[in-house]
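A look at the structure
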Amino acid sequence: MRAAAKTLDDHRDELNRLDREIGDGDHGENMSRGFAALVVALERDAPDSPGGVLKLVATTLISKVGGAAGPLYGTAFLRAATAVKDLGELDADLVARALRAALDGVVARGKAERGDKTMVDALLPAVEAAEAAAGQGEDVAGVLRAAADAAAEGADSTVLVLARKGRASYLGERSVGHLDPGARSTALLLRTFADVASGPR
């Protein structure tokens, strides 16, 4: 999560620019602020289990991140926390289950589906890839790498898509040709998680 905070801070301007093109222009700022607050919370009282960390992420993002991103990401992490329960260590199958739970939470909260030009366009293929990798015997790092690769492709696919959800949908045809900022931040997070899980290269 500390690495994720750095990634989002590094990409804050990019995410703001993407959001200016089809939204409010503050997605990068909101995500960076939310994860910076998370780092402070982790330093103050770090949970002793993965599920506890995920729950802290959820509550912090819901309280600190504005717009639609706070509730959506907060719900995703809260559902993931519920999926991993109080287990002390995550294996590949559990990571895939946590990602599936996160996706289900986002879909339930935002009512979006593949092709609506939202974070679901990155998260759904990521989940499918993670489940396939886990089924093939990949370890946690392999599952997260598969998820990150699929999320990146999914995010890129939003450029050619007409927005059907959120503020971007107000633009109609003018939303085509722009990368969805929520899909991009989803891909960035998953890439960071994969890099951390893979360890130094």
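Only a predicted model underlies this, so the values are computations on that prediction, with no experimental measurement involved.

1. Some points on the overall build of the chain
A tally of regular secondary structure across the chain gives nine helices and zero strands. Ordered by position in the sequence, the α and β elements of the chain form the string α-α-α-α-α-α-α-α-α. For 201 residues, the compact-globule estimate of 2.2 N^0.38 gives 17 Å, and the C-alpha radius of gyration of the chain, at 16 Å, lies within 12% of that figure. In terms of its C-alpha atoms, the chain occupies a principal-axis envelope of roughly 45 × 40 × 35 Å. Residue burial in the chain is summarised as follows: out of 201 residues, 49% are buried. Sequence separation of at least 24 residues holds for 66% of the intrachain contacts in the chain that already meet a minimum separation of 6. When the accessible area of the chain is evaluated, it comes to approximately 9,500 Å², of which 51% is carbon and sulfur surface.

2. Looking at the nonpolar core
Nonpolar side chains tend to gather and get buried jointly when the protein is soluble and globular. Membership of the largest hydrophobic core comes to 58 residues, with the highest contact counts inside it found for Met31, Phe35, Tyr73 and Phe77. In this structure Phe35 touches Met1, Ala4, Ala5, Leu8, Leu61, Phe77 and Leu189, once residues within four positions along its chain are discounted.

3. Quick look at the packing of helix H3 (residues 27-44) against helix H5 (residues 69-84)
In contact at an axis separation of 11 Å, H3 and H5 are set at 45° when each is read in the N-to-C sense. With respect to their mutual orientation, H3 and H5 come out oblique. The element H3 and its partner H5 pack so that their crossing is right-handed. In contact with His27, Met31 and Phe35 of H3, H5 contributes Ala69, Tyr73 and Phe77.

Conventions we followed
- Residues numbered from 1 in each chain as written.
- Predicted model: local features only at pLDDT ≥ 70, side-chain atom pairs only at ≥ 80, totals over all residues.
- Heavy atoms only, no water.
- Helix = DSSP H or I, 4+ residues; strand = E, 2+ residues; numbered from the N terminus.
- Rg over C-alpha atoms; globule rule 2.2 N^0.38 Å.
- Buried < 20%, exposed > 50% of the residue type's maximum accessible area, 1.4 Å probe, protein only.
- Contact = heavy atoms within 4.5 Å.
- Areas by Shrake-Rupley, 256 points an atom, 1.4 Å probe, with all protein chains shown as cover.
- Core = buried A, V, L, I, M, F, W, Y, C linked by side-chain atoms within 4.5 Å.
- Axes fitted to C-alpha atoms, helices over the stretch in contact; angles between N-to-C directions.
- Parallel < 35°, antiparallel > 145°, perpendicular 65-115°, else oblique.
- Left-handed = near helix turned anticlockwise from the far one by under 90°.

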